[in-house]
Amino acid sequence: MSKPNNTQIAKRYAQAFFDVVTPEARATVSDEFKQALIVLQDPQIKRTFTHPRTSMNRKSELIPLMNLSTALEHFLLLIVEKNRDQFLPHIEQEFAALVLKSQHITVAEIISAVELKEQTLKQLQLQLEQISGKTVQLSTSLDPKIGGGLIIKIDGKVIDGSIANSLQRFQRSLSS
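The notes below deal with the structure included here. (Residues numbered from 1 in each chain as written. Predicted model: local features only at pLDDT ≥ 70, side-chain atom pairs only at ≥ 80, totals over all residues. Heavy atoms only, no water.)

**Quick notes on the packing of helix H2 (residues 26-40) against helix H6 (residues 88-102)**
Just so we agree on the cut-off: The axes are straight lines fitted to the C-alpha atoms, using for helices just the contacting stretch, and the angles between their N-to-C directions are given from 0 to 180°. Starting at the N terminus, helices and strands are each numbered in turn, a helix being any DSSP run of H or I of at least four residues and a strand any DSSP run of E of at least two. Roughly parallel here means an angle under 35 degrees, roughly antiparallel means over 145, roughly perpendicular means 65 to 115, and every remaining angle is called oblique. Put simply, a crossing is left-handed when the front helix is turned counterclockwise from the back one by less than a right angle, and right-handed when it is turned clockwise. We call two residues in contact whenever any of their non-hydrogen atoms come within 4.5 Å of each other. For this scheme, ten residues count as nonpolar: Ala, Val, Leu, Ile, Met, Phe, Trp, Tyr, Cys and Pro. Four count as charged, namely Asp, Glu, Lys and Arg, and the remainder, Gly too, count as polar.
Packing of H2 against H6 leaves a shortest axis separation of 10 Å and a crossing angle of 160 degrees. If you check the angle between H2 and H6, you find them roughly antiparallel. In terms of crossing hand, the pair formed by H2 and H6 is left-handed. Two secondary-structure elements touch here, H2 through Arg-26, Ala-27, Val-29, Ser-30, Phe-33, Lys-34, Leu-37 and Leu-40 and H6 through Leu-88, Pro-89, Ile-91, Glu-92, Phe-95, Ala-96 and Val-99. The residue inventory of the contact of H2 with H6, partitioned by class, reads 11 nonpolar, one polar and three charged.

**Things to note about the nonpolar core**
Put simply, the rule is: Buried Ala, Val, Leu, Ile, Met, Phe, Trp, Tyr and Cys residues form a nonpolar core when they are joined through side-chain atoms within 4.5 Å. Think of it in three bands: residues with accessible area under 20% of the maximum for their type are buried, residues over 50% are exposed, and the middle band is partly exposed, with areas taken using a 1.4 Å probe on protein chains only.
Core analysis: the biggest nonpolar cluster contains 28 residues, and Phe-17, Phe-33, Leu-72, Phe-75, Leu-76, Ile-91 and Phe-95 have the highest contact counts within it. Breaking this core down by element, the ones donating at least two residues are helix H1 (6-20), H2, helix H5 (70-81) and H6. If you tally residues by element for this core, the top one is H1, at six residues. The contact partners of Ile-91, leaving out residues within four places of it in the chain, are Ala-10, Tyr-13, Ala-14, Phe-33, Phe-75 and Ile-79. Leu-124, Leu-128, Ile-152 and Ile-154 belong to the second-largest nonpolar core, a separate cluster that totals seven residues.

**Some remarks on the packing of aromatic side chains**
The condition is simple: Between rings of Phe, Tyr and Trp, where Trp is taken as its six-membered ring, a pair exists when centres lie within 6.5 Å; planes separated by under 30 degrees are stacked, by over 60 edge-to-face, and by other angles tilted. In this scheme, the term charge over a ring applies when either NZ of a lysine or CZ of an arginine sits within 6 Å of the ring centre and within 35 degrees of the ring normal.
The full count for this structure, using the stated rule, is six aromatic pairs. Centroid distance Phe-33 to Phe-75: 6.1 Å. Interplanar angle 75 degrees. Geometry classified as edge-to-face. Of the two residues, Phe-33 sits in helix H2 while Phe-75 sits in helix H5, which places them 42 residues apart along the sequence. Look at Phe-33 and you get buried, because its relative accessible area is 0%. Looking at Phe-75, the relative accessible area reads 6%, which means it is buried. Measuring from centroid to centroid gives 6.2 Å for Phe-33 and Phe-95, while their planes differ by 50 degrees, and the two rings are tilted. Of the two residues, Phe-33 is situated in helix H2 and Phe-95 in helix H6; the sequence distance between them amounts to 62 residues. For the pair Phe-33 and Phe-95, one class covers both residues: buried. Here the aromatic residues Phe-17, Phe-18, Phe-33, Phe-75 and Phe-95 are joined through ring pairs into a cluster of three or more. Taking NZ or CZ as reference, Arg-26 lies 3.7 Å from the ring centre of Phe-18, over its face. Seen from the ring of Phe-49, Lys-59 lies directly overhead, with NZ or CZ sitting 5.5 Å from the centre.

Next comes the structure, spelled out in structure tokens:
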């Protein structure tokens, strides 16, 4: 039997936590989880929390100080007890993805060479919602290296309509 990797561990813990949290509370707990990780990224707190000499008991004393919901506090205490705190960012991402999926929401990552106008983004969002049958949240980023066009990543699929990709395909067709 193979050893589980970081992604598998994060998915297991996220799924277990998702199953424990009531459906009505999941979105709130997801937001709270994000905020807790922001607190844990504070340089002084992070230095203490991640230091090898910080005992499990000391970490367990820090968690209640964040005034979290009972479910999240107990979950974080379990994570510390199992020495899985290094996986917290991945667990949070997986948990957030499960919450979005349960709400029939998907995130589309839009990569463009230039800033897109709000009108263009709204049209793109509507088209992606029609194609996917889900509510779509857009996450945009800029990458001038693509030359122009768009790269869209949604539900594990990549639609590469960039000029750089078109040029690469053209170059391959010339060489074959």
